[in-house]
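Survey of secondary and tertiary structure
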Amino acid sequence: MRFPKLSRSLRQLSTHVLAIALGVLLTVSTLQVLPSQAEPAPTITAGDTSELIAQRQSPASAAIGSTSFVTAAVNRVGSAVVRIDTERTITRRVDPFLEDPFFRRFFGEGFSQQVPSEQLRGLGSGFIIDKSGLVLTNAHVVDKADKVTVRLKDGRTFEGKVQGIDEVTDLAVVKINAGNDLPVAPLGSSSNVQVGDWAIAVGNPLGFDNTVTLGIISTLKRSSAQVGISDKRLDFIQTDAAINPGNSGGPLLNGLGEVIGINTAIRPDAMGIGFAIPIDKAKAIAAQLQRDGKVAHPYLGVQMLTLTPDLAKQNNTDPNSPIQIPEINGVFVMRVVPNSPAASAGIRRGDVILQVDGKAITSAEQLQNVVEDSRLGQILQVKVQRGNQTQQLSVRTAELQNAS
């Protein structure tokens with residue numbers, strides 16, 4: 001009877017021993033695996049730190065690097081940027097009272113001849129585009145100046161001779177005689193510029209020489225009409241790089257230090273907005289100014305407004321409106337200049353220009369560009385709507401004599 005009990009005890013003991021053995025085995029196995037899963041990070045040697053830093057570097061710091069791209073761009077073009085000082089003598093109008101014979105007899109003939117004069121001084125910027133000493137700047141910087149002085153970054157000064165001025169595009173070329181080894185600004189292409197690209201303005205704003213401001217290209221093809229200068233024919237590059245009086249005529253650079261535009265300070269009320277003439281336009285105008293001293297611009301002779309159906313409807317629903325306008329897309333003629341090509345062709349105030357040479361016209365800027373791209377004396381076939389009827393008129397372009 002005791003053997004069955006002993007056999008049962010041995011079986012229980014063997015079961016406990018087996019369980020303990022399995023537990024020990026699992027523990028040892030776990031201890032062998034855990035160290036491989038939680039081993040420390042590899043030691044970084046001195047040669048590996050640059051790789052680790054490069055992996056953690058932000059995009060902004062990677063783009064700028066230890067030497068700013070702005071510094072490299074300015075160093076590339078800075079010595080070719082010049083300061084332009086101008087002087088102009090104006091004479092005040094003589095009071096008609098001084099021309100009275102009784103007054104002249106009383107005070108003497110010489111008194112009325114003492115006409116007061118005044119010296120006006122101006123300041124602008126420019127940049128050298130040819131080793132021979134050709135400087136490109138704005139027309140309004142040197143227009144009507146009696147004396148032009150060009151000062152280089154190294155301190156040398158030269159008397160400048162204005163070779164040509166184009167008021168319509170606000171561009172001018174000035175020549176200085178300083179040998180044939182002058183620094184030249186590298187010219188880029190404004191056709192490759194995109195919104196968001198870097199924009200670097202260099203010049204002498206408010207008389208502070210060699211000033212650099214940084215921004216981006218805010219928008220492209222901002223028309224002169226939108227900017228508020230209807231006497232110009234330009235599509236500007238708009239930037240938020242600071243452009244102030246004195247910056248006029250200086251270069252606007254891209255991130256590579258290439259000139260993509262000519263800064264033009266034309267809006268005194270602008271806050272954080274600047275405008276530049278595209279360099280591709282400036283290249284073509286500068287070549288003509290250098291060759292001929294002026295640029296001939298064709299014109300029609302109309303004051304115009306972009307017309308849309310909504311704008312026409314607002315006019316037509318106004319009980320005080322003097323005329324009814326067709327509710328269509330086109331260019332509304334607000335005024336016809338007397339003795340102009342448009343007047344000679346029979347275009348009238350109130351007409352809506354629909355097409356030129358078969359091409360639909362939907363904005364005043366588009367019509368202006370079509371005329372600007374035409375030749376002097378070219379006959380343009382202009383389709384207009386007058387009331388409920390359409391007419392085809394032939395307009396021969398003529399040269400614009402006065403931009404204002």
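Look above for the structure.
A brief report on the enclosed structure follows. The structure presented is a predicted model; accordingly, all values stated were derived computationally and were not measured. (Residues numbered from 1 in each chain as written. Predicted model: local features only at pLDDT ≥ 70, side-chain atom pairs only at ≥ 80, totals over all residues. Heavy atoms only, no water.)

1. Overview of the overall build of the protein
Note the threshold: Strands here are runs of E lasting at least two residues and helices are runs of H or I lasting at least four, both read from the DSSP assignment and numbered beginning at the N terminus. Accessibility here uses a 1.4 Å probe with only protein chains present; expressed as a share of the type maximum, an area under 20% marks a residue as buried, one over 50% as exposed, and anything in between as partly exposed. Residue contacts follow a heavy-atom distance rule, with two residues in contact if any of their heavy atoms lie within 4.5 Å. Under the convention used here, a 1.4 Å probe and the Shrake-Rupley method define accessible areas, while residue burial counts only the protein chains that appear.
From N to C terminus, the protein includes 12 helices and 21 strands. Looking at the protein as a whole, 36% of its 404 residues qualify as buried. For the protein, restricting intrachain contacts to residue pairs at least 6 apart in sequence, the fraction spanning at least 24 positions comes to 64%. Total accessible area on the protein is roughly 23600 Å²; 53% of this is exposed by carbon and sulfur atoms.

2. Topic: the nonpolar core
The cut-off we apply is this: The set of buried Ala, Val, Leu, Ile, Met, Phe, Trp, Tyr and Cys residues whose side-chain atoms join them within 4.5 Å is what this entry labels a nonpolar core.
With 45 residues, the main nonpolar core has Ile84, Val150 and Ile200 as its most contacted residues. Residues in contact with isoleucine 84, not counting those within four places in the same chain, are Gly122, Leu123, Gly124, Ser125, Gly126, Val135, Thr137, Val141, Val142, Val148, Thr149 and Val150. Val302, Val356, Val371 and Leu393 belong to the second-largest nonpolar core, a separate cluster that totals 18 residues.

3. What about the sheet that holds strand S12 (residues 259-264)?
Keep this limit in mind: Only when DSSP finds a minimum of two bridges between them are two strands counted as paired. In this analysis an axis means a line fitted to C-alpha atoms, helices contributing only their contacting stretch, and an angle means the value between N-to-C directions, from 0 to 180 degrees.
Read around the closed barrel, the six strands follow the order S8-S9-S10-S13-S12-S11; overall the barrel is antiparallel. Pairs of neighbouring strands in the sheet enclose a mean axial angle of 45°, with direction left out of account. Here S12 runs beside strand S13 (residues 274-278); their pairing, made up of four bridges, is antiparallel. By the bridge assignment for S13, glycine 261 is matched with proline 278. Against the sheet, helix H4 (residues 69-77) touches strand S8 (198-203), strand S9 (211-223), strand S11 (251-253) and S12, its axis set at about 45° to S8.

4. With respect to helix H10 (residues 309-316)
Formally: The reported arc concerns the directions from the helix axis to the C-beta atoms and nothing else.
For H10, the set of buried residues is Ala312, Asn315 and Asn316. Along the axis of H10, the buried positions cluster into a sector of 95°, meaning they face one direction only. Of the exposed residues in H10, those oriented more than 90 degrees away from the buried face are Asp310 and Gln314. In this structure, the buried side of H10 is in contact with strand S15 (302-307).

5. Some thoughts on the side chain of glutamine 378
Selection criterion: Polar contacts here mean pairs of N or O atoms no more than 3.5 Å apart (in protein, one a potential hydrogen donor and the other a potential acceptor; neighbouring residues in sequence count only if both atoms are side-chain atoms).
Mapping glutamine 378 onto the fold places it in the loop between helix H12 (364-372) and strand S19 (379-386). We classify glutamine 378 as buried; its relative accessible area is 18%. At 2.9 Å, the side chain of glutamine 378 forms a polar contact with the backbone nitrogen of arginine 375.

6. Observations regarding the sheet that holds strand S7 (residues 171-175)
Across the sheet, which stays open at both edges, the seven strands sit in the order S5-S4-S1-S2-S3-S7-S6 with antiparallel pairing between neighbours. What marks the edges here is a single partner per strand, and that holds for strand S5 (157-159) and strand S6 (161-166). Here the strands of the sheet are splayed against their neighbours by 30° on average, with no regard to which way each runs. Sheet topology places strand S1 (residues 81-91) next to strand S2 (residues 117-130); 11 bridges connect them, and they run antiparallel. What sits directly across from threonine 86, in S2, is glycine 122.

7. What to know about a nonpolar patch on the surface
Rules: What goes into a patch is any residue over 30% in relative accessible area without a salt bridge, connected to like charges within 9 Å or, for nonpolar side chains (Val, Leu, Ile, Met, Phe, Trp, Tyr), within 5 Å. Only one rule defines a salt bridge in this text: a Lys or Arg side-chain nitrogen within 4 Å of an Asp or Glu carboxyl oxygen.
Among the surface-exposed residues, Trp198, Leu214 and Ile216 lie close enough to one another that they form a single nonpolar patch of about 270 Å² accessible area. Mapped onto the elements, tryptophan 198 comes out in strand S8. On the accessibility criterion, tryptophan 198 (44% relative accessible area) is partly exposed.

8. Things to note about the packing of aromatic side chains
Spelled out, the test is: Here a Phe, Tyr or Trp ring, Trp counted by its six-membered ring, pairs with any other such ring whose centre lies within 6.5 Å, and the pair is stacked when the planes are under 30 degrees apart, edge-to-face when over 60, and tilted otherwise.
In this structure the tally under the stated criterion is two aromatic pairs. Plain terms: the ring middles of phenylalanine 69 and tryptophan 198 are 4.9 Å apart, the flat faces sit at 45° to each other, and that makes the pair tilted. Placement of the pair is phenylalanine 69 in helix H4 and tryptophan 198 in strand S8, with a sequence separation of 129 residues. Since its relative accessible area comes to 18%, phenylalanine 69 is described here as buried.

9. Considerations on the side chain of serine 190
With respect to the element layout, serine 190 can be found in the loop between S7 and S8. Only 3.2 Å separates the side chain of serine 190 from the backbone nitrogen of aspartate 280, close enough to count as a polar contact. Beyond its immediate sequence surroundings of up to four residues, serine 190 is in contact with Ile237, Ile260, Pro278, Ile279 and Asp280.

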